[in-house]
Amino acid sequence: MDFEDTALYRDITDFADDSPTWIQHGAGLWTEGGLLVFALLFAAAWWRARRDTPRAFAIAALAPLATAVAYVCSEVLKSAVTQERPCRAVAGAAASLAECPPHGDWSFPSNHATIAGAAAVALALVRRTLLWLTAPLALLMAFSRVYVGVHYPHDVVAGLGLGTLVALVAVRLGTGPMTRLAGAMRGSPAPVARWVTGPGPAPVPSYGTQARP
């Protein structure tokens, strides 16, 4: 495939090459370790949802599953497009800060950006205010993949878009069945099932009116 963002790739990698060492090291750590932040957010969302309604728990449980589906879709698309990595294909560009993946580990779309986009949207569906945190993290992840030299800009834009679309569709389609499953598991006699799904919201106490003498 032929895209017109090679010059932008060169500009970003030149900027990265001229950046202070501590920024380069920070970008290198974030571009690989940043996905762990989303994993921790998934865990926190699940734990909180254990004391919420079955539907809220269902969406929290679907968030990592939707992200995994987005990753599989990204891998399938990579195999169909077979675009070479820019760290090998772009002549005259600055050396990539990260090790260039081997031939056959294709570039389009970016798996990291796909995962970040899906996670950001799925977590926002769990709790809307999380979007203020997850969206910047996803954008930073996408930019870092170009910054370290292993993706074109169009790779990460496509990844963010793919992750967003898959997460929205997966959560929408899965919420009904997962809600019913969560309700059944909360009523299960198996302790493990009840621990995974949690007790649900605390019952609201009702106060009866006392009869007058």
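Structure shown above.
One structure accompanies this document, and this report is about it. (Residues numbered from 1 in each chain as written. Predicted model: local features only at pLDDT ≥ 70, side-chain atom pairs only at ≥ 80, totals over all residues. Heavy atoms only, no water.)

**Concerning the layout of surface pockets**
- Of the voids in this model, the largest pocket is the one considered here, and its volume is about 170 Å³.
- When residues of the lining of the largest pocket are assigned to their parent elements, the largest contribution, five residues, is made by helix 2 (residues 21-49).
- Each residue belonging to the lining of the largest pocket can be placed in one class, and the counts come to seven nonpolar, no polar and three charged. (1 Å grid on protein atoms, 1.4 Å probe; cavity = no way out; pocket = protein on both sides within 12 Å on 5 of 7 lines; lining within 4 Å. Points joined across faces, edges and corners; volume = space filled by probe spheres on them. Helix = DSSP H or I, 4+ residues; strand = E, 2+ residues; numbered from the N terminus. Nonpolar A, V, L, I, M, F, W, Y, C, P; charged D, E, K, R; others polar.)

**Structural notes on the packing of aromatic side chains**
- Inspection of every chain in the model, using the stated rule, returns six aromatic pairs.
- Ring centres 6.2 Å apart and planes at 75° place the aromatic pair Phe 15 and Tyr 147 in the edge-to-face group. Taken together, the positions of Phe 15 in helix 1 (residues 6-18) and Tyr 147 in helix 6 (residues 131-147) put the pair 132 residues apart, joining distant regions of the chain.
- Judged by relative accessible area, Phe 15 falls into the exposed class, the value being 51%.
- Note that Arg 50 overlies the ring of Trp 195, its terminal NZ or CZ placed 5.3 Å from the centroid. (Phe/Tyr/Trp six-rings, centres within 6.5 Å; stacked < 30°, edge-to-face > 60°. Buried < 20%, exposed > 50% of the residue type's maximum accessible area, 1.4 Å probe, protein only. Lys NZ or Arg CZ within 6 Å of the ring centre and 35° of its normal.)

**Here's the deal with the packing of helix 5 (residues 111-126) against helix 6**
- Running from N to C, helix 5 and helix 6 cross one another at 175°; their axes reach a closest spacing of 9 Å. The orientation of helix 5 relative to helix 6 falls into the category roughly antiparallel. On helix 6, the residues touching His 112, Ala 113, Ala 116, Gly 117, Ala 120, Leu 123 and Ala 124 of helix 5 are Leu 131, Thr 134, Ala 135, Ala 138, Met 141, Ala 142 and Arg 145.
- Residue classes in the contact of helix 5 with helix 6 are distributed as 10 nonpolar, three polar and one charged. (Axes fitted to C-alpha atoms, helices over the stretch in contact; angles between N-to-C directions. Parallel < 35°, antiparallel > 145°, perpendicular 65-115°, else oblique. Contact = heavy atoms within 4.5 Å.)

**As for helix 5**
- Its 16 residues place the ends of helix 5 22 Å apart at the C-alpha level, agreeing with the 22 Å of an ideal helix rising 1.5 Å per residue.
- Of all 16 residues in helix 5, 14 are buried; the element is thus mostly enclosed.
- One side-chain oxygen of the residue at the start of helix 5 lies 3.4 Å from the amide nitrogen of His 112, identifying that residue as Ser 110. (Expected span 1.5 Å × (residues − 1). Polar contact = N/O pair within 3.5 Å; in protein donor to acceptor, adjacent residues only side chain to side chain.)

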